[in-house]
Amino acid sequence: QVQLVETGGGLVQAGGSLSVSCAASGRTFSSSSLGWFRQAPGKEREFVATITWRGGRTSYADSVKGRFTISRDNAKNTVYLQMNSLKPEDTAVYYCAMSGRAYYTPRSEDEYGYWGQGTQVTVSS
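Residues numbered from 1 in each chain as written. Predicted model: local features only at pLDDT ≥ 70, side-chain atom pairs only at ≥ 80, totals over all residues. Heavy atoms only, no water.

Caption draft 1: Spotlight on the sheet that holds strand β8 (residues 78-83). Taken together, four strands build an open sheet; the order of strands is β1-β3-β8-β7 and the sheet is antiparallel. In this open sheet, the two edge strands, each paired with only one partner strand, are β1 (3-7) and β7 (68-73). With direction set aside, neighbouring strand axes in the sheet form an average angle of 15°. Note that β1 and strand β3 (residues 18-25) share five bridges and pair antiparallel. Within β3, the residue paired with L4 across the bridge is A24. (Pairing = 2+ DSSP bridges. Helix = DSSP H or I, 4+ residues; strand = E, 2+ residues; numbered from the N terminus. Axes fitted to C-alpha atoms, helices over the stretch in contact; angles between N-to-C directions.)

If you want it as structure tokens, here you go:
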């Protein structure tokens, strides 16, 4: 059984930085692509970033490209999302997710079988 637990959300001013982490349990972590998604109030959940099993390939939504960085530490079973130059429109609940694929950078929710409970990120203007 896989469990994903996000931490690190909070309140930050526009232009600031915040890092969120996702710790995973289960034996499939190091052989899975991992992703971050977010859901703002009244909106559908959307793709943010994804990383392959060794971290060799990443993919980002256009809205965060150049500002956010996804990384992972397989020894710690943890995936990170470093968020810089935050904007009020980045306010959302951020979810990490684990895919059954290892070598791809899936951007669709349907590609992910395991999800964390989410962590709130609020960016004030």
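Caption draft 2: Here's a closer look at the environment of Q120. Topologically, Q120 is positioned in strand β11 (residues 119-124). Its relative accessible area of 38% is what places Q120 among the partly exposed residues. A C-alpha to C-alpha distance of 17 Å links Q120 and A49, two positions 71 residues apart in sequence. The residues contacting Q120, other than those within four sequence positions of it, are G9, G10, T91, A92 and V93. Within polar-contact distance, the side chain of Q120 engages the backbone oxygen of A92 at 3.4 Å. (Buried < 20%, exposed > 50% of the residue type's maximum accessible area, 1.4 Å probe, protein only. Contact = heavy atoms within 4.5 Å. Polar contact = N/O pair within 3.5 Å; in protein donor to acceptor, adjacent residues only side chain to side chain.)

Caption draft 3: Representation of the environment of L18 within the structure. Tracing the backbone shows L18 in strand β3. A relative accessible area of 16% means that L18 is categorised as buried. Apart from residues lying up to four places away in sequence, L18 is in contact with G8, G9, G10, L81, Q82, M83, L86 and V121.

Caption draft 4: Focus on the pattern of salt bridges. Overall, the coordinates contain six salt bridges when judged by the stated rule. The shortest N-O distance in the salt bridge between R38 and D90 comes to 2.9 Å. Of this pair, R38 sits in strand β4 (residues 34-39) while D90 sits in the loop between β8 and β9 (92-99); the two residues are 52 residues apart in sequence, bridging distant segments of the chain. Take D90: its relative accessible area is 0%, and that puts it in the buried class. For D90, the salt bridge goes to R67, with nearest N and O atoms at 2.7 Å. One end of the pair, D90, is in the loop between β8 and β9; the other, R67, is in the loop between β6 (58-60) and β7, with 23 residues separating them in the sequence. Here the two residues D90 and R67 agree in accessibility, since each one is buried. Connected via shared salt-bridge partners are R38, E46, R67 and D90. (Salt bridge = Lys/Arg side-chain N within 4 Å of Asp/Glu carboxyl O.)

Caption draft 5: Broad picture of the packing of aromatic side chains. Taken as a whole and judged by the stated rule, the model has five aromatic pairs. Seen from their ring centres, F37 and Y112 are 5.2 Å apart, and the 80° between their planes marks the pair as edge-to-face. Here Y112 lies in strand β10 (residues 112-115) and F37 lies in strand β4, a separation of 75 residues in the sequence. Pair check on accessibility: F37 and Y112 agree, each one buried. Among the aromatic side chains, those forming a connected cluster through ring pairs are F37, F47, Y112 and W115. Looking at R45, its charged tip hangs above the ring of Y95, at a distance of 4.9 Å from the centre. For the cation-ring pair, R45 lies above W115, with the distance from its terminal atom to the ring centre recorded as 3.9 Å. (Phe/Tyr/Trp six-rings, centres within 6.5 Å; stacked < 30°, edge-to-face > 60°. Lys NZ or Arg CZ within 6 Å of the ring centre and 35° of its normal.)

In short, shape yes, function no, at least from these values alone.
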